[in-house]
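Notes for the structure review
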Amino acid sequence: VGMPELFIWAVVYFLHEWQVVFDSFHSIPILLAGFFLASQSKKLAWFVPLFAGMLLHSLIDLPLHSEDAHRHFYPLSDFRFESPVSYWNPEHYGFIAMVAEILAVIFASIYVLKWNKKNWVKIMLYAINFYYLVGSVVIYYYFNGMF
């Protein structure tokens, strides 16, 4: 609120209070517990795909953070796996990771298009891919001081 975005990502993001929030949403033990509890309850069953998606994100996220690594085993451990690869930092192969991520999204979209022929799905996938491609490039160049 009223702070420059670069300040948020360079300073505020790394504050302990914010890290607890981010780490909780990336915590494999917390997500597994949520998945298990949701799968055991008919009333909470709609949470199962949510926890499954968050867990998948965390597993993919784990090897793609360097100095901004999450505590993926919080609250059981404060360990942070600082990967040699970053999904955004050019000093840690960020450009290569960004291209790989964009290609993964495009290939996943092609797969979805093969089994789903509805026009609204096609339009959504084309829009998502366009937004993802342009957004990734803009964010990459912005955060790396090239804009």
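Everything numeric here is computed off the predicted structure, so don't read it as measured data. (Residues numbered from 1 in each chain as written. Predicted model: local features only at pLDDT ≥ 70, side-chain atom pairs only at ≥ 80, totals over all residues. Heavy atoms only, no water.)

Some thoughts on the packing of helix 3 (residues 28-39) against helix 4 (residues 47-61)
Worth spelling out the cut-off: As a rule, the C-alpha atoms of each element are fitted with a line to give its axis, helices using only the stretch in contact, and angles between N-to-C directions run from 0 to 180 degrees. Note on conventions: DSSP H or I runs of at least 4 residues are helices, E runs of at least 2 residues are strands, and numbering of each starts at the N terminus. Any angle from 65 to 115 degrees is called roughly perpendicular, while one under 35 is roughly parallel, one over 145 is roughly antiparallel, and all others are oblique. Crossings are assigned a handedness: left-handed for a near helix turned anticlockwise from the far helix by less than a right angle, right-handed for a clockwise turn. By definition, residues are in contact when any of their heavy atoms lie within 4.5 Å. Residue type decides the class: Asp, Glu, Lys and Arg count as charged, Ala, Val, Leu, Ile, Met, Phe, Trp, Tyr, Cys and Pro as nonpolar, and the leftover types, Gly among them, as polar.
Between helix 3 and helix 4, the least distance of the axes is 8 Å, while the angle of their chain directions is 160 degrees. Classified by the interaxial angle, the pair formed by helix 3 and helix 4 is roughly antiparallel. Taken as a pair, helix 3 and helix 4 cross one another with a handedness that is left-handed. In this structure, helix 3 uses Ile28, Leu31, Leu32, Gly34, Phe35, Ala38 and Ser39 to contact helix 4, whose residues at the interface are Phe47, Val48, Phe51, Ala52, Met54, Leu55, Ser58 and Leu59. Among the residues forming the contact of helix 3 with helix 4, the class breakdown is 12 nonpolar, three polar and no charged.

Considering the pattern of salt bridges
Stated precisely, the cut-off is as follows: Basic side-chain nitrogens of Lys or Arg form a salt bridge, by our definition, when they fall within 4 Å of a carboxyl oxygen of Asp or Glu. Burial classes follow relative accessibility: with a 1.4 Å probe on protein chains only, a residue under 20% of its type's maximum area counts as buried, one over 50% as exposed, and anything between as partly exposed.
Applying the stated criterion to the full structure yields three salt bridges. Ionic pairing is found between arginine 71 and aspartate 78, a salt bridge with its closest N-O pair at 2.9 Å. Here arginine 71 falls in the buried class, since its relative accessible area comes to 6%. In this structure aspartate 78 comes out as exposed when scored by relative accessible area, which is 56%. Connected through shared salt-bridge partners, Asp23, Arg71, Asp78 and Arg80 make up one network.

Things to note about helix 4
Counted only if it meets this: Multiply 1.5 Å by the residue count of a helix minus one, and that product is the helix's expected span.
The terminal C-alpha atoms of helix 4, which comprises 15 residues, lie 21 Å apart, in line with the 21 Å expected from a rise of 1.5 Å per residue. In this structure, the buried side of helix 4 is in contact with helix 2 (16-26) and helix 3.

Concerning the environment of leucine 56
Position of leucine 56 among the secondary structure elements: in helix 4. On the basis of relative accessible area, leucine 56 is assigned to the exposed category, the value being 51%. As a C-alpha pair, leucine 56 and tyrosine 142 span 86 residues in sequence and 27 Å in three-dimensional space.

What about the side chain of aspartate 68?
Put simply, the test is: We treat Lys and Arg as the positive residues and Asp and Glu as the negative residues; His and chain ends play no part in the count. In protein, a polar contact means a hydrogen-donor-capable atom and an acceptor-capable atom, both N or O and within 3.5 Å, with residues adjacent in sequence counting only if both atoms are side-chain atoms; elsewhere, any N or O pair within 3.5 Å suffices.
By the element assignment, aspartate 68 lies in the loop between helix 4 and helix 5 (94-115). Here aspartate 68 is buried and forms no salt bridge, its nearest opposite-charge partner arginine 80 lying at an N-O distance of 8.6 Å. Reaching out from aspartate 68, the side chain makes a polar contact with the side chain of histidine 65 at a distance of 3.1 Å.

Observations concerning the layout of surface pockets
Our working definition: Both cavities and pockets are sets of points on a 1 Å grid over the protein atoms alone; in a cavity a 1.4 Å probe fits but cannot get out, in a pocket the set is open with protein on both sides within 12 Å along at least five of seven lines, and lining residues sit with an atom within 4 Å of a point. Grid points are joined across faces, edges and corners, and a volume is the space filled by probe spheres set on the points.
Taken as a whole, the largest pocket encloses approximately 1,100 Å³ of empty space. Lining of the largest pocket is provided by 33 residues; of these, His65, Tyr87, Trp88, Glu101 and Ile139 occupy positions nearest its centre. When contributions to the lining of the largest pocket are tallied by element, the ones reaching two or more residues are helix 1 (5-10), helix 2, helix 4, helix 5 and helix 6 (119-143). Per-element accounting of the lining of the largest pocket gives the leading share, eight residues, to helix 6. Here the lining of the largest pocket is built from residues that sort into 22 nonpolar, seven polar and four charged.

Brief notes about the confidence of the model for the protein chain
Just so we agree on the cut-off: Each residue carries a pLDDT score, the predictor's confidence in it, ranging from 0 to 100.
In this model, the protein chain carries an average pLDDT of 89, and 96% of its residues clear a pLDDT of 70 or more. Here helix 6 stands out as the element of the protein chain with the lowest mean pLDDT, 83, in contrast to helix 3, whose mean of 97 is the highest.

Regarding unusual backbone geometry
The general pattern is negative phi for most residues beyond glycine and trans for most peptide bonds. Across the junction of tyrosine 74 and proline 75, the peptide omega takes the value 5 degrees, indicating a cis bond. Here proline 75 shows up in the loop between helix 4 and helix 5. One non-glycine residue, tyrosine 93, adopts positive backbone phi at about 65 degrees. Tracing the backbone shows tyrosine 93 in the loop between helix 4 and helix 5.

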